[in-house]
Amino acid sequence: MTAEPHEGALIVFTSLPSREAAAQLAQALVERRLAACVNMLAECTSVYRWQGVIETTREVPLLIKTRAALYEAVEAAIRELHPYELPEIVAVTVQRGLPGYLDWVSSETASSIG
């Protein structure tokens, strides 16, 4: 059985400077029903240019499963709770997926509170 295209599901990426900060953000997003699930990935090394200087730092990436209709609220919550001046916030539209899983994402974020 092939999954049908799905409109509305979104995965938002961000990275935090510590596992503790990542866990706090993940917990807040799920508690507020802005995300059905947040995956905290293994710590990684990020190399980037910030204010003209090349930086190398350890970060914890998050994958936030939500709905497109909640993007603005998710972005606002990340900006509110994230310790960085300019946090990474990148969203990718889910084109296809297991219908039951995508329905679960929708139902778990249906009664979001901001």
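Everything below is about the structure shown above.
Everything in this summary refers to the structure shown in the same document.

### Overview of helix 2 (residues 71-81)
And then number 1: Buried residues of helix 2: Val74, Ala77 and Ile78, and no others. Each buried residue of helix 2 sits inside an arc of 100 degrees when the element is viewed along its axis, so together they form one side. Those residues of helix 2 that are exposed and angled more than 90 degrees off the buried face are Glu72, Arg79 and Glu80.
And then number 2: Looking at the buried positions of helix 2, the neighbouring elements they touch are strand 1 (9-16), helix 1 (19-31) and strand 4 (53-67).

### A look at helix 1
Three or four residues apart is the spacing at which side chains of an α-helix point the same way, because the helix has 3.6 residues per turn.
And then number 1: Helix length check: helix 1 (13 residues) gives 18 Å between terminal C-alpha atoms against 18 Å at 1.5 Å per residue, within 8%.
And then number 2: At its buried positions, helix 1 is contacted by strand 1, strand 2 (37-40), strand 4 and helix 2.
And then number 3: Arg33 occupies a position one or two residues after helix 1 and carries a positive phi of about 60 degrees.

### Let's talk about the nonpolar core
And then number 1: With 19 residues, the main nonpolar core has Val12, Leu29, Val38, Leu62, Ile64, Val74 and Ile78 as its most contacted residues.
And then number 2: When residues no more than four places from it in sequence are discounted, the contact partners of Ile78 are Val12, Thr14, Leu25, Ile64 and Ile89.

### A closer look at the packing of aromatic side chains
And then number 1: Inspection of the entire model under this criterion finds one aromatic pair.
And then number 2: With a centroid separation of 5.5 Å and 40 degrees between ring planes, the pair formed by Tyr101 and Trp104 is classed as tilted. With Tyr101 and Trp104 both in helix 3 (residues 99-108) and three residues apart, this pair spans about one turn of that helix.
And then number 3: You can call Tyr101 partly exposed: its relative accessible area is 34%.
And then number 4: When its relative accessible area of 34% is taken as the criterion, Trp104 is described as partly exposed.

### Some remarks on a nonpolar patch on the surface
And then number 1: Judged by side-chain polarity, Tyr48, Trp50 and Leu86 come together as a nonpolar surface patch covering roughly 290 Å² of accessible area.
And then number 2: Structurally, Leu86 is set in the loop between helix 2 and strand 5 (90-93).

### Section: unusual backbone geometry
Backbone geometry follows two general trends: most residues other than glycine have a negative phi, and most peptide bonds adopt the trans configuration.
And then number 1: The phi dihedral of Arg33 falls on the positive side, at around 60 degrees, and the residue is not glycine.
And then number 2: Relative to the helices and strands, Arg33 resides in the loop between helix 1 and strand 2.
And then number 3: Its identity as a non-glycine residue notwithstanding, Gln51 has a phi of 50 degrees, on the positive side.
And then number 4: Relative to the assigned elements, Gln51 resides in the loop between strand 3 (44-50) and strand 4.

Conventions used here
- Residues numbered from 1 in each chain as written.
- Predicted model: local features only at pLDDT ≥ 70, side-chain atom pairs only at ≥ 80, totals over all residues.
- Heavy atoms only, no water.
- Buried < 20%, exposed > 50% of the residue type's maximum accessible area, 1.4 Å probe, protein only.
- Helix = DSSP H or I, 4+ residues; strand = E, 2+ residues; numbered from the N terminus.
- Arc of directions from axis to C-beta.
- Contact = heavy atoms within 4.5 Å.
- Expected span 1.5 Å × (residues − 1).
- Core = buried A, V, L, I, M, F, W, Y, C linked by side-chain atoms within 4.5 Å.
- Phe/Tyr/Trp six-rings, centres within 6.5 Å; stacked < 30°, edge-to-face > 60°.
- Patch = residues over 30% accessible without salt bridge, like charges linked within 9 Å, V, L, I, M, F, W, Y side chains within 5 Å.
- Areas by Shrake-Rupley, 256 points an atom, 1.4 Å probe, with all protein chains shown as cover.
- Salt bridge = Lys/Arg side-chain N within 4 Å of Asp/Glu carboxyl O.

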